[in-house]
Each structure stands twice: as structure tokens, then as C-alpha cells.
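Chain residues, written in single-letter form:
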Amino acid sequence: TSYWGNNGQFFAIAAPGNGFGRLPAWPSSGVTVVDNSGDENALGPVFSDLALDPNGTGYAFTYSAWEDGTPSNCRSSGRCQEGPPYSVQGILEALSMADGSRKWSLRLPAAELPAGWTPLCSDYGNAAPAVAADGIVYVGNGDGLRAVDGASGQLDWLFPSANVSSSPAIGG
């Protein structure tokens, strides 16, 4: 089975031996995690990514993020300047790989960045999550790295850091 996401929606496609059709247990239109069309401060599309749980729990951890602020808040360098708030909004969810049902959903809390740090004004919220052997889900976005308990969806910790724009790699 192939799992993928696009613009806040996630889909499952049957394996090639089964004809590349949709999985009957999943909604035919996919699972919508977020739609930012109602956010008047949204600066563009929703970027979506996911990670399959290597621990055999049967869940995929999906992350969808979008920029929230005002375009006039960006300098030509791409860095945000003082003025109206700018942030990356993000939602992390655990979806059943079998039928797309939600186990939990967490809107990632904003982090207060250290003095002098500003996020970049670009799509720095689209990093895929990573799942460790102990079930902790790690995900970064425009203002930090977060660790979330994969079983409960509770935030374990947050490390403030500007522009965590790549997917975490987990080592021993």
C-alpha cells in the first residue's frame, strides 16, 4: 500500500498486485487533516507529509503546515521583519493505515524564539515527521523541533529554533 499527502489531505492506494486502486476502507476523497481556506492570514497552500510507524502499530503520522502572517512582513532577504506576527501553523495527526480513521490530532503549539531569531518567510513548515523505536514522533517547523508521544498525541518537549525545515533523522 502507498500512502501520500497533498494540500492537507491524505490518501492510500492499493499495492500494484491489487491494481493500484483505492483502498475500500479509506474515504474515496481521502482524509482531510486541514483546510486553511478559512484562515484569512494564510500565505499559501498547505504542505503535507507523513511517516509510517516502524513499530507495527498500524498508524501513519501525518503533518500538515502552512504559513500564517502578512506578505508585507517579508524583506527581500526572505527573513521576517518586525511587524505583524508571522508563524507556521501545523497539525500532527495519527491516522489508521487500514481505514484512515484518526487516533489523535494535535495542533502544534507555537514556540517563543530566542531574542533576535526570526523565522524565514517561506514554506519552512513542510518537514516530514520521523518516528523513533520508542514511539516518539519528532517534527520540526518554522519555530522549533517537537517530540510527541505517538500513542497519546501528547507533546513531550519543544526545542525553540528558527526554521527547522528538514525531516529529523533518528539514530541510536
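Note that this is a predicted model, so its numbers are computed, not measured.

**Structural notes on the pairing of strand 11 (residues 155-160)**
Move 1: Of the strand pairs in this sheet, strand 10 (residues 144-149) and strand 11 are connected by 5 bridges, and their pairing is antiparallel. Bridge pairing links arginine 146 to leucine 158 in strand 11.
Move 2: What sits between the antiparallel neighbours strand 10 and strand 11 is a turn of 5 residues, in which glycine 153 has the positive phi angle 80 degrees.

**A closer look at the sheet that holds strand 2 (residues 9-13)**
Move 1: The 3 strands lie next to each other as 1-2-3, forming an open sheet whose pairing is antiparallel. What marks the edges here is a single partner per strand, and that holds for strand 1 (2-6) and strand 3 (31-32).
Move 2: Alignment of strand 1 against strand 2, held across 5 bridges, turns out to be antiparallel. For glycine 5, the partnering residue across the bridge sits in strand 2 and is phenylalanine 10.

**Remarks on the environment of tyrosine 59**
Move 1: In this structure, tyrosine 59 sits in strand 5 (residues 59-68).
Move 2: Once the C-alpha coordinates of tyrosine 59 and glycine 100 are considered, the two residues, 41 residues apart in sequence, prove to be 8.8 Å apart.
Move 3: Other than its neighbours up to four places away in sequence, tyrosine 59 contacts Leu52, Asp53, Ala94, Leu95, Ser96, Met97 and Lys103.

**Things to note about the sheet that holds strand 9 (residues 136-141)**
Move 1: Spatially, the 4 strands line up as an open sheet ordered 8-9-10-11, and their pairing is antiparallel. Of all the strands in the sheet, the pair left with one neighbour each is strand 8 (130-131) and strand 11.

**Quick look at the side chain of asparagine 36**
Move 1: Positionally, asparagine 36 belongs in the loop between strand 3 and strand 4 (47-52).
Move 2: Judged by relative accessible area, which is 11%, asparagine 36 ranks as buried.
Move 3: Contact partners of asparagine 36, with chain neighbours within four places excluded, come to Ala42, Gly44, Pro45, Val46 and Trp66.

**Description of unusual backbone geometry**
Move 1: The phi dihedral of asparagine 7 falls on the positive side, at around 50 degrees, and the residue is not glycine.
Move 2: Tracing the chain through its elements places asparagine 7 in the loop between strand 1 and strand 2.
Move 3: Judged by relative accessible area, asparagine 7 falls into the partly exposed class, the value being 42%.

Procedures and definitions
- Here the residue numbers are simple positions, counted from 1 along each chain's written sequence.
- A pLDDT threshold of at least 70 governs which residues receive local features in this predicted model, and a stricter bar of 80 or more applies before side-chain atom pairs are shown or counted, although totals over entire chains, interfaces and linings include all residues.
- Side-chain numbers here rest on the full set of heavy atoms in the structure, without hydrogens or water.
- Strands pair, by our definition, only if DSSP identifies at least two bridges between them.
- Think of it this way: any DSSP run of H or I at least four residues long counts as a helix, any run of E at least two long counts as a strand, and we number them from the N terminus.
- Whether two residues touch is decided by their heavy atoms; if any such pair falls within 4.5 Å, the residues are in contact.
- Any residue under 20% of the maximum accessible area for its type is buried, any over 50% is exposed, and the rest in between are partly exposed; the area is computed with a 1.4 Å probe on protein chains only.

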